[in-house]
Amino acid sequence: MNKKMIGVFQVVSISLIWVLFAGIAVWIVNLIKESVRLHDAPDASVAISIVAILVFLVLASVLTYVFIGLRKGRIEDKETETNPVSG
Amino acid sequence: MLPVSTQPHPDAPLLRPIERPARNFYLIVGILLAIILYTGFVYLRQILFGLGVTGMAQPVTWGFYIINFVFFIGISHAGTLISAILRLSKAEWRRPITRMAEVITAIVLAIGGLHPIIDLGRPDRMSHLFFNGRLQSPLLWDITSITAYFTASTVYLYIPLIPDIAILRDRGVKPRWLYEFLSWGWQGTERQHKVLDRAMNILMVIVIPIAVSVHTIISFIFSMTVQPGWHSTIFGPYFVVGAIFSGIAAILVLMIVFRKIFRLEGYLKHIHFNYLSILLLIMSLLWFYFTFSEYLTGYYGHEPNEMRVFWYKFTGDFAPYFWAMVSCNFFLPVLLLSNRKTRTIPGILIASLSVIIGMWLERLIIIVPSLANPRLPYPTGIYIPTHTEWMLFIGGISVFILGYMLFARFFPVISIWEIEEGRKESAKIVTERISSYMPDPEPTSAGE
């Protein structure tokens, strides 16, 4: 498997965490809608949802931050190798 | 494909199981796969014939599946929670332990999380939770918190694994594409280290409340009902204490097993076992304190329904299990671990295995007696697990062993880069830390 192909798979894999986040968010919003429709303690539902959605958002953001950060770190390293005078 | 590097590595014992796996590895994997396949067949039979193939019936409608669910999720606290606490408290002796603990969490959570679906009998009915769930129900909180904990612990396991994956990639270990894919281009630059450290710090802080919430919410499934023996305000912390307790025991057992199989005596030293076993001893005392408080309150209230469950556990049909639980979780570990002469590796292994068995019995003691003695005028229920339930239990354990073996086959069970970092920097960091909080000595006349 060549490096370009691996790079594509890496981007696809990191996007999966955002698919999970979007899925959870859509599911929870759907449950809130249901509780509003049935007048079934919607305020409690909203309070619980805020915590749950936020946790998944932070996790997805941390993973993406690491993915991008490591790539940037690698690129900078290469640049210094090719142009050692710069910096 | 490049060959495996012949360059000697300072931590060669950690790479040996990956570069040169033992011959009996495939034999054990084969046996485990056969057990798992048979378990799959047994489960398929349950789907076809329904929950009638289990020992569950009115009024005992929760049996092995929910016991194992609570038990496995409890064990999962071994990893991420303990690892995060040790990292946050900057305990330097954590370095060879954290990875092993984190792997337990990821595998066990996946197994435990499936048990409520197995318990459903009709797994297709899970869809009702997604489309018509009530967010006020602790069952929904459970799904959310377990999913969050699983995601967090997998990320928490993966991120500190990246530098080690890069070591394997650079040594040309097969399958190279896997290590290339998972290493995310790690080159060990200063900037990459900064990114990794920052992410780890965020995760450490997030993981602890999530882990605590998971077992608290599991306890809510019981304590938010008015069932005798369940309706208790201390169930949340009681479950969390029990989970950490069983988790530490699980780490100790795995450490002893891996130390023996992979010959890791140089990494997992007696001091690691000593520290963790003292922690296990403290948790044993804490567990006893919670158990005592729980039953004393119930006994003092003397509510008739509560007392029926109480005596059923203390002197009734479940008395052998109850007293076995107390012996396994309290008497035996305290006896073995409080004495320096018996706090040896065999002693710690016996105490840890005893705690694992004891904590499983605790889940049994909590769930079945309360259901067998309901408030409604039913005769006392009987629960005898069937072959199906036993097989699914054994299958679950087999999946855990297989998962752990596969992890150890492809990744180091001890963090190589953290050990290297520890060798280079720990002494300096610890000296600086000590000098930062120790008072400066008074100037003496000789010094003057």
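About the criteria used
Residues numbered from 1 in each chain as written. Chains lettered and ligands numbered in written order. Predicted model: local features only at pLDDT ≥ 70, side-chain atom pairs only at ≥ 80, totals over all residues. Helix = DSSP H or I, 4+ residues; strand = E, 2+ residues; numbered from the N terminus. Rg over C-alpha atoms; globule rule 2.2 N^0.38 Å. Buried ≥ 20, exposed ≤ 12 C-beta atoms within 10 Å, placed from the backbone. Contact = placed C-beta atoms within 7 Å. Core = buried A, V, L, I, M, F, W, Y, C linked by C-beta atoms within 7 Å. Axes fitted to C-alpha atoms, helices over the stretch in contact; angles between N-to-C directions. Left-handed = near helix turned anticlockwise from the far one by under 90°. Nonpolar A, V, L, I, M, F, W, Y, C, P; charged D, E, K, R; others polar. pLDDT = per-residue confidence, 0-100.

**Some details on the overall build of chain B**
At step 1: Counting its secondary structure elements, chain B contains 17 helices and zero strands.
At step 2: For chain B, whose C-alpha radius of gyration is 24 Å, the value lies close to the compact-globule estimate of 22 Å for 448 residues.
At step 3: When the backbone C-alpha atoms are referred to their principal axes, chain B occupies close to 80 × 70 × 45 Å.
At step 4: In chain B, buried positions account for 43% of the 448 residues.
At step 5: In chain B, the proportion of contacts linking residues at least 24 apart, taken out of those at least 6 apart, comes to 82%.

**Things to note about the overall build of chain A**
At step 1: Helix and strand counts for chain A come out as two helices and zero strands.
At step 2: Scored against the burial criterion, the 87 residues of chain A give a buried share of 20%.

**Section: helix H4 (residues 79-88) of chain B**
The periodicity of an α-helix, 3.6 residues per turn, causes residues three or four positions apart to be oriented the same way.
Residue and element names in this part refer to chain B.
At step 1: Among the 10 residues of H4, eight are classified as buried, and the element is accordingly described as predominantly covered.
At step 2: Here H4 has its buried residues at Gly-79, Thr-80, Leu-81, Ile-82, Ser-83, Ala-84, Leu-86 and Arg-87.
At step 3: Buried residues belonging to H4 abut helix H5 (98-120), helix H7 (138-158), helix H10 (190-223) and helix H11 (235-261).
At step 4: After H4 finishes, the residue Lys-90 shows a positive phi value of roughly 55°.

**As for the nonpolar core**
At step 1: Of all hydrophobic cores here, the largest spans 137 residues; its most connected members are Met-100, Ile-104, Ala-152, Ile-248 and Ile-251 of chain B.
At step 2: Those residues in contact with Ala-152 of chain B, other than ones at most four positions away along the chain, are Leu-59 of chain A together with Thr-80, Leu-203, Ile-206, Val-207 and Ile-210 of chain B.

**Notes on the packing of helix H12 (residues 270-301) of chain B against helix H14 (residues 319-337) of chain B**
Residue and element names in this part refer to chain B.
At step 1: The contact between H12 and H14 brings their axes to 9 Å, and the two run at 145°. With respect to the hand of their crossing, H12 and H14 are arranged in left-handed fashion. Of the residues in H14, those in contact with Ser-277, Leu-280, Leu-281, Ser-284, Trp-287 and Phe-288 of H12 are Asn-329, Phe-330, Pro-333, Val-334 and Leu-337.
At step 2: By residue class, the composition of the contact of H12 with H14 is eight nonpolar, three polar and no charged.

**Section: unusual backbone geometry**
Residues and elements named next belong to chain B.
At step 1: Here the bond from Gln-58 into Pro-59 is cis, since omega is -5°, no more than 30 degrees from zero.
At step 2: With respect to the helices, strands and loops of the structure, Pro-59 is situated in the loop between helix H2 (24-49) and helix H3 (64-75).
At step 3: With an omega of -5°, the peptide bond running from Lys-174 to Pro-175 counts as cis.
At step 4: By secondary structure assignment, the location of Pro-175 is in the loop between helix H8 (162-170) and helix H9 (176-182).
At step 5: At His-302, a residue that is not glycine, the phi angle is positive and equals roughly 55°.
At step 6: As for its placement among the helices and strands, His-302 is situated in the loop between H12 and helix H13 (304-314).
At step 7: Judged by C-beta crowding, with 9 C-beta atoms within 10 Å, His-302 ranks as exposed.

**Section: the interface of chain A and chain B**
At step 1: Chain A puts 33 residues into the contact, and the matching count from chain B is 30 residues.
At step 2: The leading source of residues in the side of chain A that touches chain B is helix H2 (residues 42-82) of chain A, at 22 residues.
At step 3: Along the lines of polarity and charge, the residues of the side of chain A that touches chain B split into 20 nonpolar, six polar and seven charged.

**A few points about the confidence of the model for chain B**
All names here are of chain B.
At step 1: Across chain B, the average pLDDT comes to 90, with 98% of residues at 70 or higher.
At step 2: By mean pLDDT, H4 is the weakest element of chain B at 82, and H14 is the strongest at 96.
At step 3: This complex was scored by the predictor with a pTM of 0.90 and an ipTM of 0.84.

**Here's the deal with the environment of Ile-356 of chain B**
Residue and element names in this part refer to chain B.
At step 1: With respect to the element layout, Ile-356 can be found in helix H15 (residues 345-372).
At step 2: Given 21 C-beta atoms within 10 Å, Ile-356 falls into the buried group.
At step 3: For Ile-356, the contacting residues outside a window of four places in its chain are Ser-246, Ala-249, Ala-250 and Val-253.

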